[in-house]
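Structural features, examined
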Amino acid sequence: MLLPFLALMGSVTLVGAQATQVPMARARSPKLAPLFSERQAPRLPFAPALYGRGVAAGDIDGDGAVDFCISTAGGAVLYMNRGTVGFVDESGLRLPAALVGSSVCKLGDVDGDAWLDAVLLADAPGSSDLLLLGDGSGGFGPPVALPLGASISSDAEFCDVDLDGDLDLVRSVGSSGHGTSAGLDSLLLNDGAGGFSPRLDFEAAPWNDPLVPSTGVLCLDANLDGAPDLYFTRADNGSVTGSPGAQNLLVLGVGDGTFVEAPAALPALADNSYDAIALDLEGDGDLDIVVANSLLGVSGPQSGDVLVNMGGAQGGLTGIFTDRPGALNETPSIAEAIRLGPLAADVDLDGRTDVLFRVHDLPPGGEQPLFMGGGLDFSRGPAVGTLISAGGAFADIDGDGDPDLLITSAGSAAGGTSQGRVRLFLNVSR
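An account of the accompanying structure is given in this report. (Residues numbered from 1 in each chain as written. Predicted model: local features only at pLDDT ≥ 70, side-chain atom pairs only at ≥ 80, totals over all residues. Heavy atoms only, no water.)

Turning to the side chain of Asp 271, a few remarks are in order. Within the secondary structure, Asp 271 sits in strand E21 (residues 270-279). With no salt bridge to any partner, buried Asp 271 finds its closest opposite charge in Arg 234, at an N-O distance of 9.9 Å. One polar contact links Asp 271 to Ser 273, side chain to side chain, over a distance of 3.1 Å. Among the polar contacts made by the side chain of Asp 271, one reaches the main-chain amide nitrogen of Gly 304 at a distance of 2.8 Å. Those residues in contact with Asp 271, other than ones at most four positions away along the chain, are Arg 234, Ala 235, Gly 245, Ala 246, Asn 248, Asn 293, Val 298, Gln 302, Ser 303 and Gly 304. (Helix = DSSP H or I, 4+ residues; strand = E, 2+ residues; numbered from the N terminus. Buried < 20%, exposed > 50% of the residue type's maximum accessible area, 1.4 Å probe, protein only. Lys, Arg positive; Asp, Glu negative; His and termini not counted. Salt bridge = Lys/Arg side-chain N within 4 Å of Asp/Glu carboxyl O. Polar contact = N/O pair within 3.5 Å; in protein donor to acceptor, adjacent residues only side chain to side chain. Contact = heavy atoms within 4.5 Å.)

Structure representation (structure tokens):
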């Protein structure tokens, strides 16, 4: 089962002359001491293959343990953490019936009652994204349709953009199936009780391009002025821009729900980006950005993978970002070259943030690569799982103080044995 991402590779194919357009290192990485050990039953439910997508981690029932909301084509699934028993699928008990398929689950308290609520992004054109309010007992009430967007939402982020103390919702609009379906990114303002309404001037802003797909959105305070800013990852197969990639976008928040573009804040790179995370890599108080790119249609040296904030230790302007070539491996084997999204945690507890890329495996077989943090630069760590990983999360699942890893599998293009099942890896670094 292939996910949407091969469609964004432009003319690159797996066989034939065009496959050599971007040279890729094919040597296997040296074997490294494992940091994770896979756990199956009884830690995970005996369940049909989910072919899961997005994953959100949070304490859904208020018992102090991390639970998971997993998006699938058949609807959302709740894996509740039951300690030594492992995870139990309690979707039928805690979710309303007949939920439609979803691509992303996001958790946050939108109505201020101290219980997590959920947003599920629809996976079909013309379908509404859904809001499910927590019912106060660890379950969710009936779904409420959010205002319909211009096309399928590729990602969403809770973010208090107007600084009124509640969580607003920003949605990016991007890929669908094996094609692309662009549209205007949207901002929904929260009335404080979980009622959302669209901010029309956000959709009408000149930087809000309806033609180039936005594949992800990140909320961060890039310039440290106290107002949230937004970073959109974008990708293009060449049908819009005429190039094999697209420029990502940073817009700076004013603090009242309005944003202004910062065109000079990012390096002038047109790459195929799928998602990003904000991290203070060198501990200087400002946020840097690590981006997951496909390195097939646009090579690593031409992509912005580690964007360093030039404030703080860099001695420049806060909120201006520079690409740091070579900060992590930019010429992976073709099997790991489609990076779908980054996950971050200090997996070896050395005080530095490590990054795992979820990848779309390709023959001869690509695992999810882990890069160990060393300030602005990373070294290669051990990889896990040959599969197409559309979602995942780091969390201390077993309560021993170190981050474990749960990732979803949407199958394998390289012959992996995942069979579309959720994969659980416990941290064994200590």
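In this section: the sheet that holds strand E15 (residues 196-198). On the basis of which strands lie adjacent, the open sheet formed by four strands has the order E10-E11-E14-E15 and antiparallel pairing. The open sheet has two edge strands, strand E10 (153-159) and E15, and neither has a second partner. In this sheet, neighbouring strand axes are inclined to one another by 25 degrees on average, regardless of whether the strands run parallel or antiparallel. For strand E14 (residues 186-190) and E15, the ladder comprises three bridges, and the chain directions are antiparallel. The residue bridging Leu 189 from the neighbouring strand is Ser 197, located in E15. (Pairing = 2+ DSSP bridges. Axes fitted to C-alpha atoms, helices over the stretch in contact; angles between N-to-C directions.)

Under the counting rule described, the total for this entry stands at five aromatic pairs. Between Phe 68 and Phe 87 the ring centres are 5.5 Å apart and the planes differ by 45 degrees, which places this aromatic pair in the tilted class. Here Phe 68 is found in strand E3 (residues 67-70), whereas its partner Phe 87 is found in strand E5 (residues 87-89), with 19 residues between them in sequence. In this structure Phe 68 comes out as buried when scored by relative accessible area, which is 0%. Through a chain of ring-to-ring contacts, three or more aromatic side chains come together here, namely Phe 202, Trp 207 and Phe 259. A cation over a ring is seen here: Arg 339 above Phe 357, with NZ or CZ 4.6 Å from the ring centre. The lysine or arginine in question, Arg 380, covers the ring of Phe 371, its NZ or CZ lying 5.6 Å from the ring centre. (Phe/Tyr/Trp six-rings, centres within 6.5 Å; stacked < 30°, edge-to-face > 60°. Lys NZ or Arg CZ within 6 Å of the ring centre and 35° of its normal.)

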